[in-house]
Amino acid sequence: MRMPFFPLPRSFTLLCGLLAVGCFSASAAEISLRPTALISGKMLTLGDLCEVADPDPVVAAELSGLALGPAPTAGRSQIWRLREIQDRLSLAGVNLAEHRFGGSAQVTLQHARAATPAEQPLSDAQLAAIEEAVEAAIESQLQKATTTADERLSPLAPSPPTLVAKVQLTQETARQLSASSTRIVILTPIQPDIGFQEISVCPRGQMALARSLRIELRPAPQVVVSTRGVPRGAMISAADVRLVPMTKRTLTGALTSLESVIGKEASLAIAPGQTLTGDYLQNPILVRRGEVVDLSVLTGGVQIRTKGRARSDGGLGDVVQVDLLENKQAVVARVAGPQAVEILGGSGGVAR
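Note that the structure is predicted; figures quoted are calculated from it, not measured. (Residues numbered from 1 in each chain as written. Predicted model: local features only at pLDDT ≥ 70, side-chain atom pairs only at ≥ 80, totals over all residues. Heavy atoms only, no water.)

1. Comments concerning the nonpolar core
Point 1. If you look at the biggest cluster of nonpolar residues, it comprises 23 residues, and the most contacted ones within it are L46, L49 and I85.
Point 2. Broken down by secondary-structure element, the contributors of at least two residues to this core are β1 (30-33), β2 (36-39), α2 (46-49), β4 (50-53), α3 (57-64), α4 (82-91) and β8 (106-111).
Point 3. Of the residues forming this core, the biggest block, three residues, is contributed by α3.
Point 4. When near neighbours in sequence (up to four residues on either side) are disregarded, I85 contacts L33, L46, L49, C50, L68, W80 and V107.
Point 5. With 21 residues, the next largest nonpolar core counts A137, L177, I184 and I199 among its residues. (Core = buried A, V, L, I, M, F, W, Y, C linked by side-chain atoms within 4.5 Å. Buried < 20%, exposed > 50% of the residue type's maximum accessible area, 1.4 Å probe, protein only. Helix = DSSP H or I, 4+ residues; strand = E, 2+ residues; numbered from the N terminus. Contact = heavy atoms within 4.5 Å.)

2. Section: the pattern of salt bridges
Point 1. Per the stated rule, a full pass over the model turns up nine salt bridges.
Point 2. Between E30 and R100 there is a salt bridge, and its shortest N-O distance comes to 2.4 Å. Of this pair, E30 sits in strand β1 while R100 sits in strand β7 (residues 100-103), and the two are 70 residues apart along the sequence.
Point 3. A relative accessible area of 33% means that E30 is categorised as partly exposed. (Salt bridge = Lys/Arg side-chain N within 4 Å of Asp/Glu carboxyl O.)

3. Side note on the environment of T108
Point 1. Structurally, T108 is set in strand β8.
Point 2. For the pair T108 and P35, spaced 73 residues apart in sequence, the C-alpha to C-alpha distance is 6.4 Å.
Point 3. Residues within four places of T108 in sequence aside, it is in contact with P35, T36, A37, Q78 and I79.

4. Remarks on the pairing of β2
Point 1. Residues A37 and I39 line the buried face of β2, whereas the alternating positions T36 and L38 sit on a face that is not buried.
Point 2. Pairing analysis gives four bridges linking β2 to β8, with the strands arranged parallel. Note on β8: the bridge partner recorded for A37 is L109. (Pairing = 2+ DSSP bridges.)

5. Focus on the environment of A28
Point 1. Residue position: A28 is located in the loop between α1 (10-24) and β1.
Point 2. Classification of A28 as partly exposed rests on a relative accessible area of 33%.
Point 3. In this structure, the C-alpha to C-alpha distance between A28 and D54, residues 26 residues apart in sequence, is 6.8 Å.
Point 4. Those residues in contact with A28 that sit more than four places away from it in its chain are D54, P55, E98, H99 and R100.

6. Side note on the sheet that holds strand β12 (residues 211-219)
Point 1. In space, the four strands of this open sheet follow the order β9-β12-β11-β10, with antiparallel pairing throughout. For this open sheet the edge positions go to β9 (163-166) and β10 (184-186), each flanked by a neighbour on one side alone. The average angle at which neighbouring strand axes cross in this sheet is 45°, direction not considered.
Point 2. Note: strand β11 (residues 195-203) against β12, seven bridges, orientation antiparallel. In the strand pairing of β12, G195 is matched with L217. (Axes fitted to C-alpha atoms, helices over the stretch in contact; angles between N-to-C directions.)

See the structure below:
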């Protein structure tokens, strides 16, 4: 877009002429036109378009501050040629013969603008989502490479450990990788080794946005899953569960050790392949509602035994109510074993 011509007021021209006569005549300034300029104000000055150098800094500052015309509006551009700038300076009363001009033949102006939403800093959640997308792409390629390698291994050879990726992206890299809605592509081979390595990635079909990343590969944490269906109330044995590598889709709170599961009772029906959390397990029911239990009271070194009937189910350490058989009085006791409850040191009491 060619710059618009706005006639300067005669008073302004006279003022500049006076300045030129009073300040500029004794000094030869070097005026070098820039190839491009980013403008933020509403009015263009010579200093916006050119580098102005003069032995006298006051002269250089006054020349740089000379107004040339309106700046382009946001989103628009202008092209100013050296001849047009010289014409404006002549109209302002500047004696062109006293100064030396150089630099570019023309300058392209662009109005500075506020950052677009795409340039705003990503939130922590957005950054984490992009990092997870990159990690998923890395792990997918690792899985394919591992599957191919496993096919070449002897059936007796141990399988390599499952690895998970960890990346940390800068704001700039994350924005560039999220510029496309398509998936992330891994451009370089990934070595299935624990530790750090450099790889190259880009959004699919956008090689110009390829970036080098430093990634870390770690052994995947393992979680407990069921190998077969377990009905509610059944005791879980070693044959019912196994450890598998954790994935991004693993349930929050998944249990990570077989010891924390084996010997527990299923509080819910468990399907084959179910990742186990604490919600699926309970301590084995040692006392069941309605059955007769042995109740003991230990106080002052003396143990008293009697019989009662449990009002509710309970596992080891659970607190239940028990009705004494001899007088139907209800007391609170703690489950101590199969069909056995106890009141320690009189800590139990009459149920209200």
